[in-house]
Amino acid sequence: MRSKKKPPKGESKPAPPASRLSPRPKFPPAILLLGPTASGKTAVATAIAEKLPCEIISVDSAQIYRDMNIGTAKPEPELLARVPHHLIDIIEPHESYSAARFRDDALIAMREITERGNIPLLAGGTMLYFQALIEGLNELPEADPAIRLVIDSMADESGWPALHGKLARVDPETAGRLEPNDAQRIQRALEIYYITNKPMSELLKKPKYVYFPYSAIKIALVPSEREELHNRIARRFEDMLEL
């Protein structure tokens, strides 16, 4: 067996190829900026976008609505003109919007931003949207207006506690974690059962479909003083009232 040739004394071994030292990430980067209301997300996102080739995607369940400018803390027009933003003012107030639709819209925007050679910067405080995007969603049926109308009529006639009892008979697991007057969740659980003929609790146990082809860089803004955060929220609310 031939022995490996040792380098002469005083000489160092050749450095490994650069690709072995710093392998390129498998997926393109995406910055995720999370934080509660008035934690400074807009200022931080703007500062990042001024240093890096970023386009901002709003992760906010209120900013998607057109004409709802008070109480939603949408970016100022000057900022919107300076830094590209996405998923702001995309639907009318009477239209419905779901976490599943956000996931689809966000992935489309992220792909287009990446194709332009820029970095998607997702900033907002709607954690359900972040969760749907990164962790995926259970495959549940879309809302059915006709079935919801029937359920609402039943609630008008008998009350939500009675519908909670009806839910307990077909899906005791879901009913067990809901209050008898939790109208929205009772309605959704019954709607899913009437559409699929299966309890929602059973559908939620199936594996989620996850598709997130990006290397996530997560930044969380967590104010150290809750009192200061509450003061910021109060000041923001007063400023909005003055508009």
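Refer to the structure presented above.
Just so it is clear, the structure is predicted and the values come from calculations on it, not from any experiment. (Residues numbered from 1 in each chain as written. Predicted model: local features only at pLDDT ≥ 70, side-chain atom pairs only at ≥ 80, totals over all residues. Heavy atoms only, no water.)

K.L.:
Help me out: how do you make sense of the pattern of salt bridges in this one?
P.N.:
Pairing of side chains with opposite charge becomes possible as their charged atoms draw close. For the structure shown, the criterion picks out 12 salt bridges. Across the pair E50 and R82 runs a salt bridge, and its minimum N-O distance is 2.9 Å. One end of the pair, E50, is in helix α2 (residues 41–51); the other, R82, is in helix α3 (residues 77–82), with 32 residues separating them in the sequence. Looking at R82, the relative accessible area reads 41%, which means it is partly exposed. Among the ionic pairs, K74 bridges to D89, the shortest N-O distance being 2.3 Å. With K74 in the loop between β2 (54–59) and α3 and D89 in the loop between β3 (85–86) and α4 (99–115), the pair connects residues that are 15 residues apart, well separated along the chain. (Salt bridge = Lys/Arg side-chain N within 4 Å of Asp/Glu carboxyl O. Helix = DSSP H or I, 4+ residues; strand = E, 2+ residues; numbered from the N terminus. Buried < 20%, exposed > 50% of the residue type's maximum accessible area, 1.4 Å probe, protein only.)

K.L.:
Honestly, the packing of helix α6 (residues 145–158) against helix α7 (residues 160–170) in this entry has me stumped. Any pointers?
P.N.:
For any two helices packed against each other, one specifies the inter-axial angle together with the distance between the axes. Orientation of α6 relative to α7, taken along the N-to-C sense of each, is 120 degrees, at an axis distance of 7 Å. Taken as axis vectors, α6 and α7 run oblique relative to one another. Contacts from I151, D152, M154, A155 and S158 in α6 reach W160, A162, L163 and K166 in α7. (Axes fitted to C-alpha atoms, helices over the stretch in contact; angles between N-to-C directions. Parallel < 35°, antiparallel > 145°, perpendicular 65-115°, else oblique. Contact = heavy atoms within 4.5 Å.)

K.L.:
I keep staring at the packing of aromatic side chains and nothing clicks. Help me out?
P.N.:
Inspection of every chain in the model, using the stated rule, returns 4 aromatic pairs. Site record: aromatic cluster; members linked through ring pairs are Y97, F102 and Y129. (Phe/Tyr/Trp six-rings, centres within 6.5 Å; stacked < 30°, edge-to-face > 60°.)

K.L.:
What is the right way to look at the layout of surface pockets in this model?
P.N.:
The rolling of a water-molecule-sized probe over the atoms marks out the regions of remaining empty space. Each pocket or cavity is described by its volume, and for the largest pocket that value is around 1,400 Å³. Every residue lining the largest pocket is counted, 33 residues in all, and those nearest its centre are S98, A99, L128, L140 and R188. Every element with two or more residues in the lining of the largest pocket is listed here: α4, α5 (127–135), α9 (183–196) and α10 (200–204). A per-class count over the lining of the largest pocket returns 14 nonpolar, 9 polar and 10 charged. (1 Å grid on protein atoms, 1.4 Å probe; cavity = no way out; pocket = protein on both sides within 12 Å on 5 of 7 lines; lining within 4 Å. Points joined across faces, edges and corners; volume = space filled by probe spheres on them. Nonpolar A, V, L, I, M, F, W, Y, C, P; charged D, E, K, R; others polar.)

K.L.:
Would you explain the nonpolar core in this entry?
P.N.:
Burial of nonpolar side chains together is a common tendency in soluble globular proteins. Counting residues in each nonpolar core, the largest one holds 25 residues, and the members touching the most others are F102, M110, L122 and L133. Secondary structure elements with two or more residues in this core: β1 (29–34), β2, α4 and α5. Broken down by element, this core gets its largest block of residues, 7 residues, from α4. With sequence-adjacent residues up to four places away left out, F102 is seen in contact with S58, V59, L87, Y97, Y129 and L133. Core analysis: the second largest hydrophobic core is formed by 14 residues, W160, L167, I186 and L190 among them. (Core = buried A, V, L, I, M, F, W, Y, C linked by side-chain atoms within 4.5 Å.)

K.L.:
Could you clarify how one ought to interpret the pairing of strand β4 (residues 119–124) in this entry?
P.N.:
On any regular strand, side chains alternate: one points to one face of the sheet, the next to the other face. Most of β4 is tucked away: 6 of the 6 residues are buried. Side chains I119, L121 and A123 of β4 all project onto a buried face; the interleaved residues P120, L122 and G124 project onto the opposite face, where all are buried too. Bridge count for β2 against β4 is 6 bridges, and the pairing is parallel. The residue bridging S58 from the neighbouring strand is A123, located in β4. (Pairing = 2+ DSSP bridges.)

K.L.:
Can you walk me through the sheet that holds β2 in this structure?
P.N.:
The pairing of strands in a sheet happens through backbone hydrogen bonds and is either parallel or antiparallel. Taken together, 5 strands build an open sheet; the order of strands is β3-β2-β4-β1-β5 and the sheet is parallel. Strands with a single pairing partner mark the edges of an open sheet, and in this sheet they are β3 and β5 (215–220).

K.L.:
Help me out: how do you make sense of the side chain of H86 in this one?
P.N.:
The residue H86 is located in strand β3 in this model. Only 2.7 Å separates the side chain of H86 from the side chain of E55, close enough to count as a polar contact. (Polar contact = N/O pair within 3.5 Å; in protein donor to acceptor, adjacent residues only side chain to side chain.)

It is worth stressing that arrangement in space is one thing and function is another; only the former is reported here.
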